[in-house]
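The residues making up each chain are set out below.
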Amino acid sequence: MKRSLRTQMLFQYVVIVIICMLVIPAGISKLLDRQFRLYSSDRLLEDQKEAVRVLEDIYSSYGYWNKTTLSELRGDILRWPMVHAALYDPSGVLTVEFRRPMRQGAPRGQGMMNDRNQSPAFVRPGRGELVMSELPVSSDGRLVGKVRFLCLPFNDSREGLFLKKFNSHMKYAIGFMLIIAVIISFVMANAISRPILNVSKMASLIGKGRYRAEEDLKSNITELQQLIDSINRLGLSLEEQEELRKRLMSDIAHELRNPLTIIKSHLEAFEDGVWEPTKERVKLTVDEIDRLSGMISEVEKLTSIENAGRGLVLGSINLSNEIERVAMTFEPLFSAKSVELKREIEEGVMLAADGDKIRRAVENLLSNALRYTDSGGMTTVSLEKQERDVCIKVKDTGIGISDSDLPYVFERFYRTDKSRTRSSGGLGIGLAITKAAVEAHGGSVTAESSEGKGSTFIIRLPLA
Ligand code: ADP
């Protein structure tokens, strides 16, 4: 059965509170009961021994049981919770008995010790039976009698009554505390569940395309605030991706339309006989078709972004040779554009890596350097082994990247406005592929640039 977060939390809080409130007071009450019983039975025994001492003193002073003196005692003998005491001589004949005056509801005695050795039936309807105990009375080491005490049961003693009162007050206190605890639990469950519900609403709004719906949602719970921040970042990043995707779609449409329009107009001119299909004119048309297929292969590269970070085929590669080979492949392209390609490659640098992916990453950097550097410029590709990693740099003297664009160039589909206005631009995925490939090796790629002066892209790959 599905429950709301608030109900679930409320339920848990209340269960915890109930368990605590039943277990703790029950423990306290049991402990108190034990301690009070021990204390009151010790005290009772002391009082009874004291009474026996008084009787022994009287016997010692007279040498026999003086009934007149005994009958004056009462108060010295009977201390609460003793209600009755009977003194017997050694042959078991009742000598004297002491009684506490009875209040209503207090213990009643029937047939008080008339018969020899017969215990009196002090029974109080609806209450516990009186407790009987017996102690010997001696004088000069000789047994001169025994005294039998009747006492109120513990539950009717002062301590017992106090405990009873305490327990009943505790029950009220627990009931009251339970009500308070349920109210507090409700408030707490609400305080935690409300922001989570808001976050969930926020996520569903983002799902519907409202990326900045609840930007100022706040929580004073650290983890919740982190969740809100993450969802906000997710929203912003989705918004950026959405923007880039829209831009890409309009770029593709725009870039495809140009060559198509040119091809169409050429072919129509040939068809109408307005244009003679000379070799140069057909070549012009074929060039446009080449441009078109170049763009389509760029679109195909999109899937390479995903593949770049996956399925590494690691092997021990000679990185120096790999980069040398890439540079050699690019050499003719650079010289065709009159851009100097300089190499500063440290020899014999070995690395455990996926050769294909590393080559691809460097190719993208070199092809950008070529694309964004005008004739007469220079590009330097270098490789240097450092203590913990290897560092590959591609530095150019090209158009550079503005500070506002620099943080985004590794995002897929991101192209600076300058590159979009250039005829030679790609689709903005080369650097995303490079980044994915390098990060799959546990490395990093960064860019430094100064607009109008040139850019440097730095790949670092860990040696271990
Ligand atoms: P593209 O295929 O458009 O070159 P990339 O992902 O390789 O896409 O690069 C993203 C953007 O970064 C480019 O559109 C360009 O604006 C900028 N950029 C990349 N490399 C350079 C460079 N060497 N010089 C200037 N701008 C660059």
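Every value quoted in this text rests on a predicted model; they were computed, and no experiment measured them. (Residues numbered from 1 in each chain as written. Predicted model: local features only at pLDDT ≥ 70, side-chain atom pairs only at ≥ 80, totals over all residues. Heavy atoms only, no water.)

Notes on the packing of helix α3 (residues 158-207) against helix α4 (residues 222-272)
Thinking step 1. Relative orientation of the contacting elements α3 and α4 amounts to 10 degrees, with a least axis distance of 10 Å. The angle between α3 and α4 places the two elements in the roughly parallel class. Residues Ile192, Pro195, Ile196, Val199, Met202, Ala203 and Ile206 of α3 pack against Leu224, Leu227, Ile228, Ile231, Asn232, Gly235 and Leu238 of α4.
Thinking step 2. The class makeup of the residues in the contact of α3 with α4 is 12 nonpolar, two polar and no charged. (Axes fitted to C-alpha atoms, helices over the stretch in contact; angles between N-to-C directions. Helix = DSSP H or I, 4+ residues; strand = E, 2+ residues; numbered from the N terminus. Parallel < 35°, antiparallel > 145°, perpendicular 65-115°, else oblique. Contact = heavy atoms within 4.5 Å. Nonpolar A, V, L, I, M, F, W, Y, C, P; charged D, E, K, R; others polar.)

Brief notes about the environment of valine 390
Thinking step 1. Assignment of secondary structure puts valine 390 in strand β9 (residues 389-396).
Thinking step 2. Residue valine 390 is classed as buried on the basis of its relative accessible area, which comes to 0%.
Thinking step 3. In contact with valine 390, other than residues within four places in its own chain, are Leu319, Val349, Leu351, Leu383, Glu384, Lys385, Ile459, Arg460, Leu461 and Leu463. (Buried < 20%, exposed > 50% of the residue type's maximum accessible area, 1.4 Å probe, protein only.)

Brief notes about the pattern of salt bridges
Pairs can form between side chains of opposite charge once their charged atoms are near each other.
Thinking step 1. Within this structure, the stated rule accounts for 15 salt bridges.
Thinking step 2. Note that arginine 53 is salt-bridged to glutamate 50, the shortest N-O span being 3.0 Å. Here arginine 53 and its partner glutamate 50 are both found in helix α1 (residues 5-62), three residues apart, which amounts to about one turn of the helix.
Thinking step 3. What makes arginine 53 partly exposed here is its relative accessible area of 39%.
Thinking step 4. Here glutamate 50 falls in the partly exposed class, since its relative accessible area comes to 29%.
Thinking step 5. Of the charged contacts, one joins arginine 343 and glutamate 324 as a salt bridge, the two residues approaching to 2.3 Å between their closest N and O atoms. Here arginine 343, found in strand β6 (residues 340-345), pairs with glutamate 324, found in helix α6 (residues 319-336); they are 19 residues apart in sequence, far enough to count as distant.
Thinking step 6. Overlapping salt bridges, with partners in common, bring together Glu322, Arg325, Asp356 and Arg359 in one network. (Salt bridge = Lys/Arg side-chain N within 4 Å of Asp/Glu carboxyl O.)

Regarding the confidence of the model for the chain
In regions of low pLDDT, the predicted coordinates are not meant to be interpreted in detail.
Thinking step 1. Mean pLDDT over the chain works out to 84, with 88% of the residues at or above the 70 mark.
Thinking step 2. Per-residue pLDDT stays below 50 along residues 104-126; that stretch engages in 48 contacts with residues further than four places along the chain or on separate chains. (pLDDT = per-residue confidence, 0-100.)

Some thoughts on the packing of helix α7 (residues 355-371) against helix α9 (residues 430-440)
The axes of two packed helices give the description: the angle between them and the distance between them.
Thinking step 1. Contact geometry of α7 with α9 gives a least axis separation of 9 Å together with a crossing angle of 150 degrees. Here α7 lies roughly antiparallel to α9, going by the angle between them. The interaxial crossing formed by α7 with α9 has left-handed handedness. Residues Lys357, Arg360, Ala361, Asn364, Leu365 and Asn368 of α7 pack against Gly430, Leu431, Ile433, Thr434, Ala437 and Val438 of α9.
Thinking step 2. Taken together, the residues that form the contact of α7 with α9 break down as six nonpolar, four polar and two charged. (Left-handed = near helix turned anticlockwise from the far one by under 90°.)

Quick word on the sheet that holds strand β2 (residues 94-99)
Thinking step 1. With antiparallel pairing, the four strands of this open sheet are ordered in space as β2-β1-β4-β3. With partners counted over all chains shown, the strands left at the sheet margins are β2 and β3 (131-139), one partner each. Taking the axes of each pair of neighbouring strands and ignoring which way they run, one obtains an average angle of 20 degrees across the sheet.
Thinking step 2. In this structure, strand β1 (residues 82-88) lies alongside strand β4 (residues 142-151), joined through six bridges in antiparallel fashion. Paired with histidine 84 across the strands is leucine 150, a residue of β4.
Thinking step 3. α1 contacts β1, β2, β3 and β4 of the sheet and is inclined by roughly 35 degrees relative to β3. (Pairing = 2+ DSSP bridges.)

Concerning the packing of aromatic side chains
Centre distance and the angle of the planes are the two values used to describe a pair of aromatic rings.
Thinking step 1. For the coordinates displayed, the defined rule picks out eight aromatic pairs.
Thinking step 2. The interplanar angle of 65 degrees and the centroid separation of 4.9 Å between the aromatic rings of tyrosine 59 and tryptophan 65 together place this pair among those described as edge-to-face. Each member of the pair, tyrosine 59 as well as tryptophan 65, is classed as buried.
Thinking step 3. Geometrically, the ring pair formed by phenylalanine 162 and phenylalanine 166 is stacked, given 6.3 Å between the ring centres and 25 degrees between the ring planes. With a gap of four residues between them, phenylalanine 162 and phenylalanine 166 both fall in helix α3, about one helical turn apart.
Thinking step 4. Judged by its relative accessible area of 27%, phenylalanine 166 falls in the partly exposed class.
Thinking step 5. Three or more aromatic residues link up through ring pairs in this structure, and these residues are Phe36, Phe162 and Phe166.
Thinking step 6. If you follow arginine 281 out to its NZ or CZ, it ends over the ring of tryptophan 275, 4.6 Å from the centre. (Phe/Tyr/Trp six-rings, centres within 6.5 Å; stacked < 30°, edge-to-face > 60°. Lys NZ or Arg CZ within 6 Å of the ring centre and 35° of its normal.)

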